[in-house]
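Chains, contacts and geometry: an overview
Next come the chains, spelled out residue by residue.
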Amino acid sequence: MSSQDASPRLTWTEEGEPRSGRFGDVYFSRDDGLAESRAVFLQGCDLPGAWAGRQGFTVAELGFGTGLNIAAVLDLWRRTRPEGARLNVFSVEGFPLTVEEARRALSNWPELAEPVEALLAAWPEATPGFHRVDLPGFDAVLDLAVGDVGWALDQWSGTADAWFLDGFSPALNPDMWSPQVLDRIAERSAPDARLATFTVAGAVRRGLSERGFVVDKRPGHGRKRERLEARRPGPPQAEHRPHVAIVGAGIAGASIARALAAAGLTAVVIEADRPGAGGSGFPAGLATPRLDAGDAAIAGLYAQALERARHLYDATPGAVLGRGVLQLPQAERDRAERDRARFAKIADQPVWREGAMTVIDAAAAEHRLGEAQADGGLMMADARVVRPAAILEAWLEGTPVLSAAVASIRRAGDHRWELLDAQGRVIVTADAVVAAAGWGVEALLETGAALSPVRGQADWRDGASVEGAAWGGYVAPTVGGGLLYGATHTRGDVDLTPRDADSRQNLETLKARLPQLAARLSDQGGRRVAVRATTRDRLPVAGLRSDGLHILSGLGSRGFCIAPLLGEHVAALIAGQPSPLPASLAERVSPDRF
């Protein structure tokens, strides 16, 4: 879907109402859109009564539009939610508005100023796929699916407690009301789910009734005589709030701990050494995506992951050391030519927001790095150079970290697990366990996780800072104006002893690409070794194994890019909440895929 195809073709009526030129209908009533939203959707779904006494509640909406319904439900949730409760919102939009268009449309209701400003400040990207938006002031999170409604409902893993069916009318937008869409609504409705819509079209009434909903006509709002309310009979689902044990305190474990805390769950982290003892212990790290010009799913996975990582790191004090990373082509002439062609294809992929991926020329590359780069490169504006220590400290805050070495995990009943040390003593008991200890996961699990080790050594020096760049080797600024560079890549090697030969190799790699920078290196610095965990297809493993254990590992060298999103995916599986990851991408990283 190109940006032109995705345009709502927005126009404005003389009364200032936003109107979709694509569907020939207004987004909300000129009589009073907010009053209509409250009457049709909030009252129609018995809100706030339906969420009384709940610790978690999920609202699903078909037709995000201007965001008016979501602003209204956020306002109501903030005023009436149960203490400590969390709200999940899932919405679908095939033709997104820009933030400027939404701001104009929502400016009519100053009484919604706070939720509107929160939405506008985090307005989702218009690129195809799922986009997660944090709304911490409301204890809420929004997942917006940009794309076809049938695809979006197929990909969503959640179950809704309330449905707002607010697409344009069935006569103008029949795809939003098709039998296939109604099937998915029924499949993704929790017991006792409520549903509300402005339309009373016979096909919609019959379709909902045939799928088990009890449907009632109600008095309409404004010029509309009637509206629909529906309810799916059944006792409300029992809420489960498991206690979770996470093995590993690197970026994988910290990402899960942060996501579980955001979901309102308690966890404990077990780490044999200290947070960041493994691959997350270097003075800097690159949050860069895997670039794939041939597999649209992989490109989409890493685009979503980078978007999520960028937002989370930018919101974490002290986490970001540099914004943007320049991907250089490989030095060999034939490979450089292939890379330039590949960079152009990547920059043209629809999964990236405008300006996120830009092919730059030699002059621009030289300006950024301070020395000549004949082949230019791919400027990844949304990539980040991060400070791992700041991320781990912030994301593990409030989560207990136990210093112990987990040797094995065993069942202690149908829904309990015990983590044991080498002497068979129980370290901790939990309802759910996540193995997130990098390469250490392979030895921890009885059946293994199809992981392979890759040893990497990096070096750093004081006083020679530069912007982040990668080419096979990499450079990254560190705190205080230093420079991290490397790294070696030795498969099957797990020796953590630093080697002089590896330091020489790192320096030669740097000299070959950035000789002037290499010449400025001081003698003061350090070096460090870590073992990365990789898989056969170079994709992570994230999710629930068939044996009942959860896992997040196999991140390779992309941990700081991919872990925040996958940590939320694993946390959602544990909490029984909607995952931010589309189902097809969850399958690509499933731990049972091998």
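Above this note sits the structure.
Residues numbered from 1 in each chain as written. Predicted model: local features only at pLDDT ≥ 70, side-chain atom pairs only at ≥ 80, totals over all residues. Heavy atoms only, no water.

**Examining the overall build of the protein chain**
When helices and strands are tallied, the protein chain shows 17 helices and 30 strands. For 594 residues, the compact-globule estimate of 2.2 N^0.38 gives 25 Å, and the protein chain sits close to it at 26 Å. Projected onto its principal axes, the C-alpha positions of the protein chain cover 80 × 60 × 40 Å. Counting all 594 residues of the protein chain, 55% fall into the buried class. Look at the contacts in the protein chain between residues 6 or more apart in sequence, and 71% of them connect residues 24 or more apart. Accessible surface, the protein chain: about 24,200 Å² in total, of which carbon and sulfur atoms supply 48%. (Helix = DSSP H or I, 4+ residues; strand = E, 2+ residues; numbered from the N terminus. Rg over C-alpha atoms; globule rule 2.2 N^0.38 Å. Buried < 20%, exposed > 50% of the residue type's maximum accessible area, 1.4 Å probe, protein only. Contact = heavy atoms within 4.5 Å. Areas by Shrake-Rupley, 256 points an atom, 1.4 Å probe, with all protein chains shown as cover.)

**Some details on the sheet that holds strand β20 (residues 417-420)**
Spatial ordering of the open sheet is given by β19-β20-β21, a layout of 3 strands whose pairing is antiparallel. Edge positions in the sheet fall to β19 (408-411) and β21 (426-430), since each has one partner strand and no second. Sheet twist, expressed as the average angle between the axes of neighbouring strands with direction ignored, equals 25°. Examined bridge by bridge, β19 and β20 share 4 bridges and lie antiparallel to one another. (Pairing = 2+ DSSP bridges. Axes fitted to C-alpha atoms, helices over the stretch in contact; angles between N-to-C directions.)

**A few points about the packing of helix α1 (residues 33-42) against helix α2 (residues 68-80)**
Closest axis-to-axis distance for the α1/α2 pair is 10 Å, and the angle between their directions is 70°. Judged by the angle between their axes, α1 and α2 are roughly perpendicular. In this structure, α1 uses Gly33, Leu34, Ser37, Arg38, Phe41 and Leu42 to contact α2, whose residues at the interface are Leu68, Asn69, Ala72, Val73, Asp75 and Leu76. Of the residues in the contact of α1 with α2, the class split is 7 nonpolar, 3 polar and 2 charged. (Parallel < 35°, antiparallel > 145°, perpendicular 65-115°, else oblique. Nonpolar A, V, L, I, M, F, W, Y, C, P; charged D, E, K, R; others polar.)

**Comments concerning the packing of α2 against helix α4 (residues 113-121)**
At a minimum axis distance of 8 Å, the contact between α2 and α4 shows a crossing angle of 125°. Between α2 and α4, the crossing angle belongs to the class labelled oblique. Pair α2 / α4 crosses with right-handed handedness. Facing Ile70, Ala71, Leu74, Asp75 and Arg78 of α2, the residues of α4 in contact are Glu114, Pro115, Val116 and Leu119. (Left-handed = near helix turned anticlockwise from the far one by under 90°.)

**Side note on the sheet that holds strand β22 (residues 432-435)**
With mixed pairing, 6 strands are arranged side by side in an open sheet as β18-β13-β12-β22-β30-β29. For this open sheet the edge positions go to β18 (401-403) and β29 (541-544), each flanked by a neighbour on one side alone. Adjacent strand axes in the sheet meet at a mean angle of 20° when their direction is disregarded. In the sheet, β29 pairs with strand β30 (residues 550-553) via 4 bridges, with the strands oriented antiparallel. When the sheet's bridge partners are listed, Ala542 is paired in β30 with Leu552. Along the sheet face, helix α8 (residues 251-262) touches β12 (244-247), β13 (267-271), β22 and β30 and points at about 160° away from the line of β12.

**Structural notes on helix α9 (residues 296-314)**
For α9, with 19 residues, the first-to-last C-alpha span of 27 Å sits near the 27 Å given by 1.5 Å per residue. In terms of burial, α9 is largely enclosed, as 15 of its 19 residues are buried. Between a side-chain oxygen at the N-terminus of α9 and the backbone nitrogen of Ala297 the separation is 3.0 Å; the capping residue is Asp295. (Expected span 1.5 Å × (residues − 1). Polar contact = N/O pair within 3.5 Å; in protein donor to acceptor, adjacent residues only side chain to side chain.)

**Here's the deal with the pattern of salt bridges**
On inspection of all chains with the given rule, the structure shows 46 salt bridges. The partner of Asp143 in a salt bridge is Arg132, with the nearest N and O atoms 2.8 Å apart. Pair noted here: Asp143 is in strand β7 (residues 140-146) and Arg132 is in strand β6 (residues 129-135), with a separation of 11 residues, a long-range link. The two residues Asp143 and Arg132 agree in class, both being buried. Measuring nitrogen to oxygen at the nearest pair gives 2.9 Å for the salt bridge that ties Asp493 to Arg499. Take Asp493: its relative accessible area is 15%, and that puts it in the buried class. A network of salt bridges, in which partner residues are shared, links Arg132, Asp134, Asp143, Arg258, Arg308 and Glu568. (Salt bridge = Lys/Arg side-chain N within 4 Å of Asp/Glu carboxyl O.)

**Some points on unusual backbone geometry**
The amide bond that connects Leu47 to the next residue, Pro48, takes the cis arrangement and shows omega of 15°. Mapping Pro48 onto the fold places it in the loop between α1 and β4 (56-62). In the segment running from Gly486 into Ala487, the intervening peptide bond is cis, with an omega of -10°. Along the chain, the position of Ala487 falls in the loop between β26 (482-486) and β27 (490-491). At Asp192, a residue that is not glycine, the phi angle is positive and equals roughly 70°. Despite not being glycine, Arg538 shows a phi value in the positive range, around 60°. Mapped onto the fold, Arg538 is located in the loop between β28 (525-534) and β29. With a relative accessible area of 53%, Arg538 lands in the exposed category.

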